[in-house]
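# Results of the structural survey
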Amino acid sequence: MLNKKILLLVTAFSLIAMPLWARQGSSQLSGNFYFGISSADCTAWTGSTLGLYLGNDPTLWNNPTNEIGPAGGIGFGYRYFINDNVAIATGLAAVYKSFSVEYPANTAYDDITIEIGTTYIIIPAGVRAYFEYFYIGGGFYYGMAGDAEAQITYTTMYGTQTIKDTLNFDDDFGLYIDLGLDIPLSQQLSLDLGIRYERGLTAVYEEEYDLITDVMTRAVLFNAGICVLL
């Protein structure tokens, strides 16, 4: 009885720890969920400029701070193995990225918060290297932008007010770095657990006289998915 239990344990462990053999020339497809945080570098009006514009008083608000926002999405990846440890990587994903700019109140009633978010269709192109179950990769990405939704929240003597607007964001282009684990479940299936950092290299919004301009995105995304070796 004891020998049977040991045999079952060894068999189960060997299935979990089984390496993906002979990947050279093979393709790998993966479906992934993404969740994380995003932010942006941008140029914004000073607090005194905003105070003069809205209330003819430069002391109403202090200078703004950039705050992180939620990010997430869904997509698939494709990798072609040029040898057992190196693959060319691409894919397609719809990823929502957001950020906010906050003007802390000085003599005003309350802070002013500007929240901006948009969904990008992201196409990465890079290389991924595998070391046993660990991988590292990187390359470039191109993100086709949808309309950005902006929401401004502020408080006056009449209560809290909200203004919504739509901004025409340009497409994004940047660099990405991948780190993660490709955990074999069988010779064809594996579990992908990773983290990706994306850094935009071009401004997605440039309006010279707008309150916020020169917006360049950045995001940290965790991903989880199932890979199939073809």
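Each chain has its residues counted from 1, running along the sequence as written. Note on the predicted model: pLDDT of at least 70 is required for a residue's local features to be given, and 80 or more for side-chain atom pairs to be given and counted; whole-chain, interface and lining totals, by contrast, use all residues. Excluded from the side-chain calculations are hydrogens and water; all other atoms, namely the structure's heavy atoms, are used.

### Brief notes about the layout of surface pockets
Both cavities and pockets are sets of points on a 1 Å grid over the protein atoms alone; in a cavity a 1.4 Å probe fits but cannot get out, in a pocket the set is open with protein on both sides within 12 Å along at least five of seven lines, and lining residues sit with an atom within 4 Å of a point. Grid points are joined across faces, edges and corners, and a volume is the space filled by probe spheres set on the points. The computed volume of the largest pocket comes to approximately 560 Å³. Residue lining of the largest pocket: 25 residues in total, with L50, L54, I112, I152 and L211 positioned closest to the centre. Only DSSP runs of H or I with at least four residues qualify as helices, and only runs of E with at least two residues qualify as strands; both kinds are numbered from the N terminus onward. For the lining of the largest pocket, the secondary structure elements donating two or more residues are helix 2 (47-55), strand 4 (112-131), strand 6 (148-156) and strand 7 (159-167). With five residues, strand 6 is the largest single contributor of residues to the lining of the largest pocket. The nonpolar class holds Ala, Val, Leu, Ile, Met, Phe, Trp, Tyr, Cys and Pro. Asp, Glu, Lys and Arg form the charged class, and all remaining residues, Gly among them, are polar. The class makeup of the residues in the lining of the largest pocket is 19 nonpolar, three polar and three charged.

### What to know about unusual backbone geometry
Although it is not a glycine, N56 adopts a positive phi angle of roughly 55°. Take N56: it is sitting in the loop between helix 2 and strand 2 (65-81). Exposure remark for N56: the relative accessible area of 66% places this residue in the exposed category. Phi at D214 is positive, roughly 55°, even though this residue is not glycine. Structurally, D214 can be placed in strand 10 (residues 212-229). On the basis of relative accessible area, D214 is assigned to the partly exposed category, the value being 31%. Buried means the residue's accessible area, taken with a 1.4 Å probe over protein chains only, is under 20% of the maximum for its type, while exposed means over 50%, and partly exposed covers the values in between.

### Concerning the packing of aromatic side chains
Ring pairs are drawn from Phe, Tyr and Trp, using the six-membered ring of Trp, whenever the two centres fall within 6.5 Å, and their geometry is named by plane angle: stacked under 30 degrees, edge-to-face over 60, tilted for the rest. Enumeration over the complete set of coordinates arrives at six aromatic pairs. Between F81 and Y130, the ring centres sit 5.3 Å apart and the planes meet at 40°, which makes this aromatic pair tilted. In this pair, F81 is assigned in strand 2 and Y130 in strand 4, connecting sequence segments 49 residues apart. As far as the burial class goes, F81 and Y130 line up, both buried. Ring centres of F169 and Y205 lie 5.5 Å apart, and the angle between their planes is 25°; this geometry places the pair in the stacked category. Separated by 36 residues along the polypeptide, F169 in the loop between strand 7 and strand 8 (172-184) and Y205 in the loop between strand 9 (189-200) and strand 10 bring together distant segments of the chain. This pair shows no difference in class: F169 is buried, exactly as Y205 is.

Structural measurements only, silent on function.
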